[in-house]
Amino acid sequence: MYRIYGLQLLLEDTWKRIRFPDILRVFWLTRMTAQAVILVYVVRVVRSESGLQLGWDLFWDLTSNLIISGCDSMLTVLGMSAVISSLAHYLGLSILAFIGSTEEEDKRLGFVAPVLFFILALQTGLSGLDPEERLIRLSRNMCLLLTAILHFIHGMTDPVLMSLSASHVSSVRRHVPVLLVSLVLFALPVLLSYVLWHHYVLNTWLFAVTAFCVELCLKVLVSLTVYALFMIDGFYNVLWEKLDDYVYYVRSTGNIVEFVFGVIMFGNGAYTMMFESGSKIRACMMCLHAYFNIYLQARNGWKTFINRRTAVKKINSLPEVKGTRLREIEDVCAICYQEFAASARITPCHHYFHALCLRKWLYIQDTCPMCHQRVYIEDDGHEHSAFSNNNGYVAPGQERAEFEEEEGGAAGGAEPENELLEDNDSIEYDEEWGTQPGVTLVEEEYINDDTDSN
Ligand SMILES: [Zn+2]
Ligand SMILES: [Zn+2]
């Protein structure tokens with residue numbers, strides 16, 4: 001909802017309509033050009049008088065002087081943000097074109113980057129610092145901004161990677177650019193943190209940059225692993241029942257790590273506030289960080305975890321058909337229309353499905369996809385009204401008896417799943433994560449899962 005009616009959009013829209021960025025950009029660029037012309041002129045005069053050599057040192061001095069004066073007041077900082085906005089905008093557009101994405105949401109880099117830059121400038125009091133210190137602070141902010149932009153770019157490439165691998169696109173030309181960008185996204189943070197650690201001693205800033213870099217590398221690894229899993233799945237062309245689980249494990253591991261980093265960054269921010277600079281803006285940013293990166297992530301992760309857990313529980317309470325009896329059925333799964341390779345689950349209404357297919361369905365709905373009866377009956381499940389199979393086939397008597405027996409057992413026990421699940425691997429995480437008292441709540445909470453979308 002907030003995407004449609006949100007304050008963010010209103011601000012963005014108004015900002016665009018008054019063409020404020022354009023004015024700022026023109027102002028900043030003309031000011032810079034004027035200063036550059038004056039500086040070059042002065043240098044020339046001095047050179048003709050004292051025979052000063054033109055070299056890289058001089059060039060560097062001039063540029064840093066220009067940059068320092070380019071952010072000496074709030075207005076010039078705004079101008080600089082506007083210039084960064086257009087740079088980021090075109091960078092974003094070219095990357096989107098390169099990886100072949102058409103996502104509208106992703107065109108916002110031109111908005112996100114300058115806002116971040118400006119907030120960082122406010123937070124560190126950039127324009128009020130001494131010239132020397134200002135340059136250092138600015139380059140530090142730029143490093144942070146760069147990592148943030150890389151994170152944003154990862155956000156662009158991830159959906160493309162997923163859609164390419166999940167829809168089994170075979171054209172190599174579509175895959176190479178995305179993989180290339182992912183590779184750069186992995187290599188750049190490694191390089192950046194290596195260089196920074198080589199030149200600076202540890203402080204809160206270096207810590208933050210490194211944490212961002214490590215987090216990005218991990219996110220890229222998670223994306224690539226999921227991508228590889230889907231590619232393998234597409235390559236072998238048989239239903240891989242465990243795929244969903246593996247994807248879920250990889251993604252949730254990534255999300256837990258991300259959450260941990262969120263908490264670490266919060267700690268880092270708190271430390272900075274207490275011992276370095278405790279501005280009001282920093283406090284606001286910390287609150288936003290706590291809400292979006294910690295609270296919301298934890299809540300979403302927890303919701304997905306619970307959904308998944310209940311779905312698995314429901315599936316595992318249903319009787320399973322295996323081996324020769326499975327071949328007797330001679331039927332296909334009514335969800336994916338593929339044959340049962342290893343096992344099938346029978347609903348109380350006697351419809352057969354792959355456990356995996358049914359589970360995905362149960363994330364969304366509680367009823368049988370064929371006849372809309374409730375799939376999971378908690379108290380007594382003996383009221384089976386429909387006897388038909390997916391295509392009218394009636395189950396053999398033996399099987400029916402077994403179904404009754406298992407259903408009865410499930411209904412009688414206090415922990416219905418226990419006996420049925422001993423041979424089933426997919427419940428393992430459920431047991432480990434859900435009911436073991438040793439597992440802390442903290443660990444459980446942060447599993448965010450996108451596997452439903454595949
Ligand atoms: Zn199926
Ligand atoms: Zn049914």
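If you check an unreviewed UniProt entry, the protein chain appears there as E3 ubiquitin-protein ligase RNF139 from Sinocyclocheilus grahami. If you open the UniProt record of the protein chain and go to Subcellular location (unreviewed entry), you find "Endoplasmic reticulum membrane".

Draft legend 1. The arrangement of the overall build of the protein chain in detail. Check the secondary structure of the protein chain and you find 17 helices and three strands. A burial count over the protein chain gives 27% of its 454 residues as buried.

Draft legend 2. Layout of the UniProt feature "transmembrane region" (unreviewed entry) in the protein chain. Under the feature "transmembrane region" (unreviewed entry), the UniProt entry names residues 23-43, 75-99, 111-129, 141-157, 177-197, 204-232 and 252-271. A distance of 42 Å separates the end C-alpha atoms of residues 204-232, which is 100% helix and 0% strand. The span residues 252-271 carries 100% helix and 0% strand; its end-to-end C-alpha distance comes to 28 Å.

Draft legend 3. Main features of the UniProt feature "domain: RING-type" (unreviewed entry) in the protein chain. With numbering matched to this structure, UniProt assigns "domain: RING-type" (unreviewed entry) to residues 333-372. Secondary structure content for residues 333-372 is 25% helix and 15% strand, and the end C-alpha separation is 16 Å.

Draft legend 4. View of the packing of helix α3 (residues 20-50) against helix α4 (residues 56-69). Direction vectors running N to C along α3 and α4 enclose 145°, while the axes themselves pass 10 Å from each other. Every pair of crossing elements has a handedness; the one defined by α3 and α4 is right-handed. Contacts between α3 and α4 involve Met32, Gln35, Ala36, Leu39 and Val43 from the first element and Leu58, Leu62, Asn65, Leu66 and Ser69 from the second. Split into classes, the residues belonging to the contact of α3 with α4 amount to seven nonpolar, three polar and no charged.

Draft legend 5. Focus on unusual backbone geometry. One non-glycine residue, Tyr337, lies in positive phi territory at about 60°. When you line up the elements, Tyr337 lands in the loop between α12 (323-329) and β2 (343-346). When the 9 C-beta atoms within 10 Å are taken as the criterion, Tyr337 is described as exposed. Even without a glycine there, the phi angle at His350 is positive, about 65°. The residue His350 is located in the loop between β2 and β3 (352-353) in this model.

Draft legend 6. Structural context of the pairing of β2. Note that strand β1 (residues 320-322) and β2 share three bridges and pair antiparallel. Its bridge partner being in β2, Lys322 is matched across the sheet by Ser343. The pairing of β2 with β3 spans two bridges and is classified as antiparallel. Along β3, the bridge assignment pairs Ile346 with Tyr352.

Draft legend 7. The arrangement of the sheet that holds β1 in detail. The antiparallel open sheet is built from three strands, whose spatial order is β1-β2-β3. Across the chains shown, the open sheet's two edge strands, defined by having one partner strand only, are β1 and β3.

Draft legend 8. The arrangement of the packing of helix α7 (residues 131-166) against helix α8 (residues 172-199) in detail. The geometry of α7 relative to α8 is characterised by a closest axis approach of 10 Å and an angle of 155° between their N-to-C directions. Our classification of the angle between α7 and α8 gives roughly antiparallel. As for how α7 packs across α8, the hand of that crossing is left-handed. Contacts from Cys143, Thr147, Leu150, Ile153, His154, Thr157, Val160, Leu161 and Leu164 in α7 reach Arg174, His175, Val178, Val181, Ser182, Leu185, Leu188, Pro189, Leu192 and Leu196 in α8. Of the residues that constitute the contact of α7 with α8, the class distribution is 13 nonpolar, five polar and one charged.

Draft legend 9. Spatial organisation of helix α13 (residues 355-364). Listed in full, the buried residues belonging to α13 are Ala355, Leu356, Cys357, Leu358, Arg359 and Leu362. For α13, the secondary structure elements touched by its buried residues are α10 (243-275), α11 (280-316), β2 and β3.

Draft legend 10. Representation of the environment of Ala148 within the structure. Tracing the sequence through the fold places Ala148 in helix α7. The class for Ala148 is partly exposed, based on 17 C-beta atoms found within 10 Å.

Draft legend 11. Quick peek at α3. Spanning 31 residues, α3 covers 44 Å between terminal C-alpha atoms, matching the ideal 45 Å at 1.5 Å per step. For α3, every residue scored as buried is listed here: Pro21, Leu24, Arg25 and Trp28. On its buried face, α3 sits against α2 (7-17) and α5 (74-99).

Draft legend 12. Geometry of the confidence of the model for the protein chain. On average, residues of the protein chain score 78 in pLDDT, and 79% of them are at 70 or above. Note that residues 379-389 has pLDDT below 50 and, in this model, 21 contacts with residues that lie over four places away or in other chains. Note on residues 391-454: pLDDT is under 50 here. Beyond four places in sequence and across chains, it has 84 contacts.

What counts as what
Residues numbered from 1 in each chain as written. Chains lettered and ligands numbered in written order. Predicted model: local features only at pLDDT ≥ 70, side-chain atom pairs only at ≥ 80, totals over all residues. UniProt positions renumbered as here; feature names shortened; annotations may be inferred. Helix = DSSP H or I, 4+ residues; strand = E, 2+ residues; numbered from the N terminus. Buried ≥ 20, exposed ≤ 12 C-beta atoms within 10 Å, placed from the backbone. Axes fitted to C-alpha atoms, helices over the stretch in contact; angles between N-to-C directions. Left-handed = near helix turned anticlockwise from the far one by under 90°. Contact = placed C-beta atoms within 7 Å. Nonpolar A, V, L, I, M, F, W, Y, C, P; charged D, E, K, R; others polar. Pairing = 2+ DSSP bridges. Parallel < 35°, antiparallel > 145°, perpendicular 65-115°, else oblique. Expected span 1.5 Å × (residues − 1). pLDDT = per-residue confidence, 0-100.

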